[in-house]
Amino acid sequence: MPVTYLETGTQNPFYNLAFEEFVLTHRLEGEYLLLWQNDNTIVVGQNQNTEAEMNRAFVEARHISVVRRTTGGGAVYHDLGNLNYSFITDVGDAERLTMERFTRPVVEALRGLGLQAEASGRNDILVEGRKVSGTAQRVVKGRILHHGTLLFDADPGMVAGALNVDPAKFQSKSAKSVRSRIGNIRDFLPADMDIEAFWAYLREALTVDGMVRGSLTAEELSAVEALRRGKYDTWEWNYGRSPKYDLTNRRRFEGGGLEVRIQVKEGRIFGIVFYGDFLSVSPLDGLTAALVGCAFRREAVAEVLDAFPLGELFGAITRDEILETMFYVN
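Note that the coordinates shown come from a computational prediction; the quantities given were computed from them, not determined experimentally.

Rules used in this analysis
Residues numbered from 1 in each chain as written. Predicted model: local features only at pLDDT ≥ 70, side-chain atom pairs only at ≥ 80, totals over all residues. Heavy atoms only, no water. Pairing = 2+ DSSP bridges. Helix = DSSP H or I, 4+ residues; strand = E, 2+ residues; numbered from the N terminus. Axes fitted to C-alpha atoms, helices over the stretch in contact; angles between N-to-C directions. Contact = heavy atoms within 4.5 Å. Buried < 20%, exposed > 50% of the residue type's maximum accessible area, 1.4 Å probe, protein only. Right-handed = clockwise from strand over helix to strand, strands pointing away.

Caption draft 1: Summary view of the sheet that holds strand β6 (residues 82-90). An order of β7-β8-β9-β10-β6-β2-β1-β12 is seen for the eight strands of this open sheet, with the pairing classed as mixed. The strands lining the two open edges of the sheet, one partner per strand, are β7 (117-120) and β12 (211-213). With strand direction ignored, the average angle separating the axes of adjacent strands in the sheet is 25°. Relative to strand β10 (residues 143-151), β6 runs antiparallel, the two being bridged by nine bridges. Its bridge partner being in β10, N84 is matched across the sheet by T149. Across the sheet, helix α1 (residues 13-26) touches β1 (3-6), β2 (32-36), β6, β9 (130-140) and β10, and the angle it forms with β2 is around 180°. Its contacts with the sheet put helix α7 (residues 195-205) on β1, β2, β6, β10 and β12, and the angle it makes with β2 is roughly 175°.

If you want it as structure tokens, here you go:
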């Protein structure tokens, strides 16, 4: 059966994940292949604590997007040196519901380029011992989505920096990512090619039984855009769904040392305590009470802080330094 090949037409991560989900849940017959890219994005697994998977200071300074997907597994960093693929088809025989069913064609495609590729562990693809792909799956009403990353020419400094989190600062039962030694496919190629050529090669290699170029209708694209706005591009989805966790952070400024311990549940503060040797002249009880129930995001906390005389509460420690202590995890 020919495979219907689709492209999203964008590098926007919120739209791309909405596009993928729409195809999974609305195109209920046939086999589909999607190839797509996200520009500078952290993608966290559906059961992960978003804050504990990223270096917030690094991410904010570089305007990196953060989005939650609907499949399990760990957090990954995407840039334009990374190519993503999605297979969508019928589940079929439950005994065939394995990662190997979908990773095998990718491994064979990489081997076709002269690479020593192999599937490893639960969901990785390795080349010469380095991880070049991680994969995940989701089943909905008899249809299966299998998607994965392919590190072709990604910036290793960005990958490491965006996902470099101090685990001692977070206590949570959420699924933590396991960092692996990664590699770029391009570095292992016997004959160099750019990512456009790799994209074209992969499209052909993964549709050996025939390919039909498809597209979504205008009505379907409107539904994708609505899904992006209403789900993937929202704080509630990307942060509010995070499991309960505790965060501890401390910084030292000219005005003294400041430590904050925060309990977060469903993306909202439900307990917070400040410690330090700053020269306050008033108790913090009113502020901490006002912060309970506040969304754990910088803008929401800043609004609460602005309603209090911070000079009386924290001495010479400023509003921005309080926010830095609360939200910069590295």
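Following the structure, the description resumes.
Caption draft 2: A look at the pairing of β2. For β2, a buried count of five out of five residues is recorded, marking the element as mostly surrounded by other parts of the structure. Here β2 shows a buried face lined by Y32, L34 and W36 and a second buried face lined by L33 and L35. In terms of strand pairing, β1 meets β2 through three bridges, oriented parallel. Across the sheet, residue Y5 finds its bridge partner in β2, namely L33. Assessed by its sense of winding, the connection that carries the chain from β1 through α1 to β2 is right-handed. Examined bridge by bridge, β2 and β6 share five bridges and lie antiparallel to one another. Each bridged residue has a counterpart across the sheet, and for L33 the counterpart in β6 is F87.

Caption draft 3: Here's a closer look at the pairing of β9. Judged from the four bridges that link them, strand β8 (residues 124-127) and β9 form a sheet pairing that is antiparallel. The residue bridging I125 from the neighbouring strand is S133, located in β9. Hairpin geometry of β8 and β9 is characterised by an intervening segment of two residues between the two adjacent antiparallel strands and by a positive phi of about 50° at E128. Bridge count for β9 against β10 is six bridges, and the pairing is antiparallel. The partner of R138 across the bridge, within β10, is L145. Taken together, β9 and the strand that follows it, β10, pair antiparallel across an intervening segment of two residues, in which K141 is found at a positive phi of about 50°.

Caption draft 4: Just the environment of D79, in detail. With respect to the helices and strands, the residue D79 is situated in the loop between β5 (76-78) and β6. C-alpha separation for the pair D79 and R56, spaced 23 residues apart in sequence, amounts to 17 Å. If we skip the residues at most four places from it in the chain, D79 touches N38, N40, A154 and D155.

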